[in-house]
Amino acid sequence: MSLQAPEFFAELCLPFHDSTVVGNTYFAAPVPGAPLRLRIDFTRTIHADTYGGLRAAIVHPERGEIDAVALSFVDHGTFHRRDEATNTRPNTKQYSTFDKYHRPGRPPWDGAVTIGLRDAIEQYTAVWFPGAWTASESSRAAGRTGRTAPAMPVARSGTRAR
């Protein structure tokens, strides 16, 4: 089953215009024309098909990965409300994680509160891409409408879109 990664990353509301989701990975170029890229993946746990956080990495096209940080769901309170409501105890497979199996019509990460993760990604990217976060948000704010529409999954063609 799908992790519904495009919807998860849309839920994070990352402000980078030049971004896409390929498979279960988010890619962005926060500063247009700069060589550094941002890559965010789901991190696996010791249990099959179970994910415990995100891994954000800074990638250079010629030098490869330059830096990375692990952002666990437990450290950022992503599933705190869900786990408290379902009385899920720490040190269990389900605590502060999600897996690829889920209820029909619901994403596998149902119940996630992504504010802490978004804040952590903002702090991390501010080090590598100073000003990119506020520049992207201010240009988006100018074009905002009164209501928000759900993000559509990215469909890639054989050519690169700009």
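Everything below is about the structure printed above this text.
Analysis parameters
- Residues numbered from 1 in each chain as written.
- Predicted model: local features only at pLDDT ≥ 70, side-chain atom pairs only at ≥ 80, totals over all residues.
- Heavy atoms only, no water.
- Phe/Tyr/Trp six-rings, centres within 6.5 Å; stacked < 30°, edge-to-face > 60°.
- Helix = DSSP H or I, 4+ residues; strand = E, 2+ residues; numbered from the N terminus.
- Buried < 20%, exposed > 50% of the residue type's maximum accessible area, 1.4 Å probe, protein only.
- Contact = heavy atoms within 4.5 Å.
- Pairing = 2+ DSSP bridges.
- Salt bridge = Lys/Arg side-chain N within 4 Å of Asp/Glu carboxyl O.
- Polar contact = N/O pair within 3.5 Å; in protein donor to acceptor, adjacent residues only side chain to side chain.
- Arc of directions from axis to C-beta.

*Asks:* Before we move on, can you summarise the packing of aromatic side chains with the specific residues and values?
*Replies:* For the structure shown, the criterion picks out 12 aromatic pairs. With 5.5 Å between their ring centres and 35° between their planes, Tyr-51 and Phe-98 make a pair best called tilted. Placement of Tyr-51 in strand β4 (residues 50–60) and of Phe-98 in strand β6 (residues 98–99) is noted, with a sequence separation of 47 residues between them. Grouping residues by exposure puts Tyr-51 and Phe-98 together as buried. By the ring-pair criterion, three or more aromatic residues cluster together here, those being Phe-8, Phe-9, Tyr-26, Phe-42, Tyr-51, Phe-73, Phe-79, Phe-98 and Trp-109.

*Asks:* Explain the environment of Thr-45 residue by residue, including any values.
*Replies:* Along the chain, Thr-45 turns up in the loop between β3 (37–44) and β4. The sequence separation of Thr-45 and Phe-98 amounts to 53 residues, and the corresponding C-alpha distance is 9.8 Å. In contact with Thr-45, not counting residues within four places along its chain, are Thr-50, Tyr-51, Gly-52 and Thr-97.

*Asks:* Give a detailed account of the pairing of strand β1 (residues 19–22), specifying residues and quantitative values.
*Replies:* In this structure, β1 lies alongside strand β2 (residues 25–28), joined through four bridges in antiparallel fashion. Across the sheet, the residue bridging to Ser-19 is Ala-28, located in β2. Two successive antiparallel strands, β1 and β2, enclose a turn made up of two residues, where Gly-23 displays a positive phi of approximately 65°.

*Asks:* Before we move on, can you summarise the pattern of salt bridges with the specific residues and values?
*Replies:* Opposite charge on two side chains permits them to pair, given that their charged atoms come into close proximity. Per the stated rule, a full pass over the model turns up five salt bridges. Note that Arg-39 and Asp-41 form a salt bridge whose closest N and O atoms lie 3.3 Å from each other. For Glu-65, the salt bridge identified is with Arg-55, shortest N-O distance 2.6 Å. In this pair, Glu-65 is assigned in strand β5 (residues 64–72) and Arg-55 in strand β4, connecting sequence segments 10 residues apart. If you follow the salt bridges from partner to partner, you end up with Arg-39, Asp-41, Arg-55 and Glu-65 in one network.

*Asks:* Account for the side chain of Thr-97, naming residues and giving values.
*Replies:* Tracing the backbone shows Thr-97 in the loop between α2 (80–85) and β6. On the basis of relative accessible area, Thr-97 is assigned to the buried category, the value being 11%. Among the polar contacts listed, one links the side chain of Thr-97 to the backbone oxygen of Lys-93, at a separation of 2.7 Å.

*Asks:* Tell me about helix α1 (residues 5–12), and name the residues and values.
*Replies:* Listing the buried residues of α1 in full gives Ala-5, Phe-8, Phe-9 and Leu-12. Looking straight down α1, one finds that the buried residues subtend no more than 90° of arc, so they occupy a single side. On its buried face, α1 sits against β1, β2, β3, β4 and α3 (115–128).

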